[in-house]
Amino acid sequence: MNELDGLTALLIEPHAGMRANLHSMLNMCGLTRIEHASSANQAVKQLSLRGFDLVLCEYDLEGGQDGQQLLEDLRHHKLISLATMFFMVTAEGDYGKVVSAAELAPTDYILKPFTADRLLERVARALEKRNVFLPVYRLMEAGAQHEAIEACIAGEAAHPRHAVDFLRLRAELHLFLGEASLAEPIYRQLAESKAIAWARLGLAKTLYLREQYEEAGSLLTELVQTNTNFVDAYDWLARTHTAMGELEKSQQVLGRAVAVSPHAVRRLRTLGEVAFEAGDDETAEKVLKQVVAKAKYSEFRDPEDHVKLVRTLVRKGDPVAAASVIRDLDRSMGGKSHADACSAMSSALLHEYTGNDERLLASLNVAVSASRDLPAMSPDLKLELARSCLAHDMADGAAGLVRDVMRNAADASAMDRAMSVMAQAGHAELGTALAQETRQHVVDLVANGAERARSGDYQGAVGLMQEAALRMPGNPQVAFNAALALLRCLEHTGWDDKLGQQALAQMAAVRRLDPRNPKLAALTALHQAVLKKYKKVNK
């Protein structure tokens, strides 16, 4: 029986002739369920609707976005599963492209030209490894991380050839669960016994997550000195410098990473932001222009990139270039949820620079109105808009923005940043009142949800907390209680696949927003108990 029989494949290739050739090769390998995409955007749409076992993607996709940028989007937005085998196909020998693809962990890459036999060999090898790890992947995607850790331990014993990979996955699961202290000995053992670079990186991550920045920075510095092309280590070193308030060092490290791997948009964006904060407008302009250009053809392009570029150009004293960027934003970002707000905010920055007060106030009013209850817009940008409003006697508009940011504050420092905006403009009392109002609003919501659950109205509790989570997607307390309401509903009213997926999403939000939450372990334990109650995992 053909081992590839029944697998599904997606070919992402702009040229019809090459698609036909690759299709024939896959047929020769035994694959018959094959679909095509001629562009990155088409691929995103297809992968948003269904999963594939194998994705064969041409690096040079034309139309603005390359295969590496597509893979970055797919990974970041979780459009391909852990079990998806992603192959990058390229005729280029350019090292930067290979590194950019490799850092995002494609299953493999294939240099053209190649034969059907060569393709079959590579796919079969990847499939064999995937099948070994499939039980762990399924548990992870079901949200059963602790069972996945147990499956890693069993897999390590059953498949000694893959023991190191199972150890790595187990350590990553502990990190995902916020159990840095359990991940550390695994990474340390591998780093000391095998001198594996990623194990040393993992060890540094555990130190960073426990805020041991000096030790993490020392380890990461040594790592990038001995592994000059290890871009993930550069990223974590830059993050460590930023956490220590060392922006110039962070910028230098990110610059070295970009020199090694110049195609990752998110790293370029971070470099542009750090350079701006460090006062290096030349670098910020150069890098943010690259971000806007590279992201232009992505399904997930962000109009905030244009605002950051306009802000840099205005600070440099180049209003002509800033106006051109605003026109590009209006032309290329139609339909994006916060494009109108970003355009108005960019215009306000420009009018403030040129001294056109009438148009400045008009733009600020449009920006405030467009930003109201807009979760897609980042808190930093909302606070910047609030500062502009306060500087031009628009306290009501600023208060609305600050209230929105406070409701989505991930931690005390985020709340403090919002309060400081008000205080610096001479509205400290209003800032304090908004903070108290926001905290009470969340407390009342949570109490109302808990009361409904106590009275047996589990569906009502879910509806209330889900609506709150939708309005306040950045608030970890709301996310936690939404997850709890969903799990209690499942526990008492029976299993529902949709609610199960929503519970997973809210738990993921808690881990992202508040990874050190001491109640996470109890929430995870309740989730495991619910899964076991309805036999959704193998015990």
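In this text the structure is predicted, and so the values were computed from the model without any measurement.

## Digging into the sheet that holds strand 4 (residues 85-90)
At step 1: The sheet built from five strands is open, its strands ordered 2-1-3-4-5 with parallel pairing. This sheet does not close on itself; its edge strands, each paired only once, are strand 2 (33-37) and strand 5 (108-111). Each strand of the sheet is rotated relative to its neighbour by a mean of 20°, with strand direction disregarded.
At step 2: One ladder, built from four bridges, connects strand 4 with strand 5; its direction is parallel. Residue pairing in the sheet places Thr 90 in a bridge with Leu 111 of strand 5.
At step 3: Here helix 1 (residues 16-29) sits on the sheet and contacts strand 1 (8-12), strand 2 and strand 3 (54-58); the angle it forms with strand 2, its principal contact strand, is near 165°.
At step 4: The sheet strands contacting helix 3 (residues 67-76) are strand 1, strand 3 and strand 4, and the helix crosses strand 4 at an angle near 165°.

## A short note on the pairing of strand 3
At step 1: Burial analysis of strand 3 places five of its five residues in the buried class, which makes it a mostly covered element.
At step 2: Where burial is concerned, the two faces of strand 3 agree: the one with Leu 54, Leu 56 and Glu 58 and the one with Val 55 and Cys 57 are both buried.
At step 3: Both strand 1 and strand 3 contribute to a ladder of four bridges, which runs parallel. Across the sheet, the residue bridging to Leu 11 is Leu 56, located in strand 3.
At step 4: Two strands pair when backbone bridges link them, and strand 3 and strand 4 are joined in this way by five bridges, in the parallel orientation. Following the sheet pairing, Cys 57 is matched in strand 4 by Met 88.

## Observations concerning the packing of helix 21 (residues 412-424) against helix 22 (residues 428-454)
At step 1: Axis separation between helix 21 and helix 22 bottoms out at 7 Å; the angle between their running directions is 150°. Taken together, the axis directions place helix 21 and helix 22 in an arrangement best described as roughly antiparallel. Handedness of the crossing formed by helix 21 with helix 22: right-handed. Listed contacts from helix 22 to Met 415, Met 419, Met 422 and Ala 423 of helix 21 are Ala 428, Leu 430, Gly 431, Thr 432, Leu 434, Ala 435 and Arg 439.

## Examining the side chain of Glu 184
At step 1: Relative to the helices and strands, Glu 184 resides in helix 8 (residues 180-194).
At step 2: Discounting residues that sit within four places of it in the chain, Glu 184 has contacts with Leu 203, Thr 206 and Arg 210.

## Section: helix 10 (residues 213-226)
At step 1: Along its 14 residues, helix 10 runs 20 Å from first to last C-alpha, staying within 8% of the 20 Å computed at 1.5 Å per residue.
At step 2: Listed as buried for helix 10 are Ala 216, Gly 217, Leu 219, Leu 220, Leu 223 and Val 224. Projected down its long axis, helix 10 carries its buried residues within an arc of 165°, all on one side. Pointing more than 90 degrees away from the buried face of helix 10 are the exposed residues Glu 214, Gln 225 and Thr 226.
At step 3: Against helix 9 (197-209), helix 11 (231-243) and helix 12 (247-260) lie the buried residues of helix 10.

## Digging into the packing of aromatic side chains
At step 1: What the rule picks out here adds up to five aromatic pairs.
At step 2: Look at Phe 133 and Tyr 137: their rings are 6.2 Å apart centre to centre, the planes differ by 25°, and that puts the pair in the stacked class. Pair noted here: Phe 133 and Tyr 137 are both in helix 5 (residues 116-141), with a separation of four residues, about one helical turn. Across the pair, exposure class does not vary: Phe 133 and Tyr 137 are buried alike.
At step 3: Consider the rings of Tyr 208 and Trp 236, whose centres lie 5.3 Å apart with planes at 85°: the pair is edge-to-face. Taken together, the residues Tyr 208 in helix 9 and Trp 236 in helix 11 connect sequence positions 28 residues apart. Side by side, Tyr 208 and Trp 236 carry an identical accessibility label, which is buried.
At step 4: The structure contains a cluster of three or more aromatic residues connected by ring pairs, namely Phe 133, Tyr 137 and Phe 166.
At step 5: If you follow Arg 50 out to its NZ or CZ, it ends over the ring of Phe 52, 4.3 Å from the centre.

## Thoughts on the pattern of salt bridges
Opposite charge on two side chains lets them pair, provided their charged atoms get close.
At step 1: Taken as a whole, this structure holds 30 salt bridges when the rule is applied.
At step 2: Arg 130 is the salt-bridge partner of Asp 53, the closest N and O atoms lying 3.1 Å from each other. A residue pair is termed long-range when its members are at least 10 positions apart, and Asp 53 in the loop between helix 2 (40-49) and strand 3 and Arg 130 in helix 5 qualify at 77 residues. Considered together, Asp 53 and Arg 130 belong to a single accessibility category, that of buried residues.
At step 3: Taking the shortest distance from any N to any O, the salt bridge between Glu 184 and Arg 188 comes out at 2.6 Å. With Glu 184 and Arg 188 both in helix 8, this residue pair falls four residues apart, about one helical turn.
At step 4: Residue Glu 184 is classed as buried on the basis of its relative accessible area, which comes to 15%.
At step 5: Residue class for Arg 188 comes out partly exposed when judged on its relative accessible area of 28%.

## Notes on helix 5
At step 1: An ideal rise of 1.5 Å per residue puts 38 Å on 26 residues; helix 5 reaches only 32 Å between its terminal C-alpha atoms.
At step 2: The sharpest bend along helix 5 comes to roughly 50°, located at Phe 133, with the proline Pro 135 sitting one to four residues further on.

## Considerations on unusual backbone geometry
Residues other than glycine predominantly adopt negative phi, and peptide bonds predominantly adopt the trans conformation.
At step 1: Look at the link from Lys 112 to Pro 113: it is a cis peptide, with omega at -5°.
At step 2: The backbone of Glu 211 shows a phi angle near 65°, a positive value even though the residue is not glycine.
At step 3: You can see Glu 211 is positioned in the loop between helix 9 and helix 10.
At step 4: Glu 211 sits in the partly exposed class, given a relative accessible area of 49%.
At step 5: With a phi close to 55°, Lys 535 is a non-glycine residue in the positive phi region.
At step 6: One can find Lys 535 in the segment after helix 26 (520-533).

Each value, and the rule that gives it
Residues numbered from 1 in each chain as written. Predicted model: local features only at pLDDT ≥ 70, side-chain atom pairs only at ≥ 80, totals over all residues. Heavy atoms only, no water. Pairing = 2+ DSSP bridges. Helix = DSSP H or I, 4+ residues; strand = E, 2+ residues; numbered from the N terminus. Axes fitted to C-alpha atoms, helices over the stretch in contact; angles between N-to-C directions. Contact = heavy atoms within 4.5 Å. Buried < 20%, exposed > 50% of the residue type's maximum accessible area, 1.4 Å probe, protein only. Parallel < 35°, antiparallel > 145°, perpendicular 65-115°, else oblique. Left-handed = near helix turned anticlockwise from the far one by under 90°. Expected span 1.5 Å × (residues − 1). Arc of directions from axis to C-beta. Phe/Tyr/Trp six-rings, centres within 6.5 Å; stacked < 30°, edge-to-face > 60°. Lys NZ or Arg CZ within 6 Å of the ring centre and 35° of its normal. Salt bridge = Lys/Arg side-chain N within 4 Å of Asp/Glu carboxyl O. Bend = angle between axes of the 7 residues up to and from the residue.

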